[in-house]
Amino acid sequence: KAGEKKAGEKKPAQKKAAEKKPADKKPVEKKASQKKVREKIKKPKKYHASRNPVLARGIGKYSRSAMYARKALYKRKYTAPETKIEKKKKEKPRATIIKPVGGDKNGGSRVVKVRKMPRYYPTEDVPRKLLSHGKKPFSQHKRRLRASITPGTVLILLTGRHRGKRVVFLKQLGTGLLLVTGPLVINRVPLRRAHQKFVIATSTKVDISGVKIPKHLTDAYFKKKKLRKPKHQEGEIFDTEKEKYEITEQRKTDQKAVDSQILARIKKVPQLRGYLRSTFCLSNGVYPHKLVF
Amino acid sequence: VFKRFVEIGRVAFISFGRHAGKLVAIVDVIDQNRALVDGPCSGVRRQAMPFKCMQLTDFVLKFPHSARQKCVRRAWEKENINEKWAATRWAKKIEAREKKAKMTDFDRYKVMKAKKMRNRIIKHEIKKLQKKTTKKVKKTEKKEK
């Protein structure tokens, strides 16, 4: 109701502003029409209180049929608006098709069913699966990101070949993994994906507000490629086609494009470059639960 | 042997409890274990407090026993206890400890680099002095010969 009222008030305000230009007679007429429009919009829907007085909890005075008459439902018959599906459904597809048939003395055509009956029924019917609720496939899962991780945060990688390295966070990808870069010149960490759970977020942030990350850097770009098409048994089963990973030229150009922007920001903060070069380690007397990152 | 005594007006530092880390003045002694204590300039209401959680400082204020809060406050501000306390080594150590605990990872790195540089400078100077003394010793040995 409040929304409708506001909408009604806005409309006359806009109309009045536009109409200051033409002659005075016109705005008078238009104001009258505006008033009608306003009244129509302003009238709130009034719902009648229950027409069925309560005798005891859950028990009304009037029966179903009596209530039908009291509510005048004979006058109020609504049909649901025709949905798009229903509109589409009106066109019934053809059940049979006439197909031409070759050969002598065959009668030129046959009437063929478009949708045929199944040619096989299993001996035991597959039991009906129980209803499940809210079991979504991975692609539809909700991706969460810790509040401490924002674009530009320095993260400490804990697993993988780059464990202990301090790295700059760029963005979260579609599958929820974090896109991260060394930058490469500083600590030999390329544009890479990292998992949120295996990362410590420090409170040090680099200002990445204007950095443009190319849009083709998605999960598909970073996914590991597997080439295996043994149409026939290979002579040497252990000889996989892709043994060594080769850095493609596209990766190099993307790395340069992103890193050049970030390095400029890193240089502005004193000692940040050396910080990113160093690795994180624990020593005697250092307890992670007592450290402030 | 003992230099700091529990007396009326002694400023004490509360070491644990709800008011840990604050300064209070002892207004009166209740019994063997408790004192009536008041900290108008440090946010501690007038209350009984066991001696166990108090650690005596070097400061003593002058006011009569069971003086009301206004008097305690006046004496406190006259002696400027808050500033004197901040200047003591005790308070500075506490502050340093807090800062160390709040250090972030980046801060720790910066501290490490600063320490390294400092130690390098110190070692350099020491080595210079060592060289001087060895040279002197060598010279005197030669002369004796």
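Quick notes on the rules
- The numbers attached to residues start from 1 for each chain and follow its sequence in the written order.
- The naming scheme follows written order: chains are lettered A onward, ligands numbered 1 onward.
- Per-residue local features are limited, in this predicted model, to residues with pLDDT of at least 70; the limit for side-chain atom pairs, both in listing and counting, is 80 or more; totals at the level of whole chains, interfaces and linings are taken over all residues.
- By convention in this description, side-chain values take in all heavy atoms of the structure and omit both hydrogens and water.
- UniProt positions are given in the numbering used here, feature names are shortened, and annotations may be inferred rather than shown by experiment.
- Strand pairing requires that DSSP identify at least two bridges connecting the strands.
- Counting from the N terminus, the helices are the DSSP runs of H or I reaching at least four residues and the strands are the DSSP runs of E reaching at least two.
- Where helices are involved, their axes are fitted lines through C-alpha atoms of the stretch in contact, as for all axes, and angles between N-to-C directions lie from 0 to 180°.
- Salt bridges are identified by distance alone: a Lys or Arg side-chain nitrogen within 4 Å of an Asp or Glu carboxyl oxygen.
- Burial classes: relative accessible area under 20% of the type maximum marks a residue as buried, over 50% as exposed, and values in between as partly exposed (1.4 Å probe, protein chains only).
- Confidence scores labelled pLDDT are given residue by residue by the predictor and lie between 0 and 100.

An unreviewed UniProt entry annotates chain B as Large ribosomal subunit protein eL14 originating from Odontophorus gujanensis. The UniProt entry for chain B carries the following text under Sequence similarities (unreviewed entry): "Belongs to the eukaryotic ribosomal protein eL14 family."

An unreviewed UniProt entry lists chain A under the name 60S ribosomal protein L6, with Odontophorus gujanensis as the source organism. The Function (unreviewed entry) field of the UniProt record for chain A holds the comment "Component of the large ribosomal subunit. The ribosome is a large ribonucleoprotein complex responsible for the synthesis of proteins in the cell." Recorded in UniProt under Sequence similarities (unreviewed entry), the annotation for chain A is "Belongs to the eukaryotic ribosomal protein eL6 family."

### Concerning the sheet that holds strand β5 (residues 153-157) of chain A
Residues and elements named next belong to chain A. In spatial order, the strands read β8-β7-β6-β5-β9; together these five strands make up an open sheet with antiparallel pairing. With one partner strand each, in any of the chains shown, β8 (192-194) and β9 (199-205) form the two edges of the open sheet. Each strand of the sheet is rotated relative to its neighbour by a mean of 45°, with strand direction disregarded. By the bridge criterion, three bridges tie β5 to strand β6 (residues 166-172) in an arrangement that is antiparallel. For Leu-155, the partnering residue across the bridge sits in β6 and is Val-167.

### Some remarks on the pattern of salt bridges
All names here are of chain B. Within this structure, the stated rule accounts for eleven salt bridges over all chains. Of the charged contacts, one joins Glu-7 and Arg-10 as a salt bridge, the two residues approaching to 2.8 Å between their closest N and O atoms. Assessed through its relative accessible area of 4%, Arg-10 is described here as buried.

### Observations regarding the confidence of the model for chain B
Model confidence for chain B is summarised by a mean pLDDT of 95, while 100% of its residues fall at 70 or above. Taken over the whole predicted complex, pTM reads 0.66, whereas the ipTM for its chain interfaces reads 0.78.

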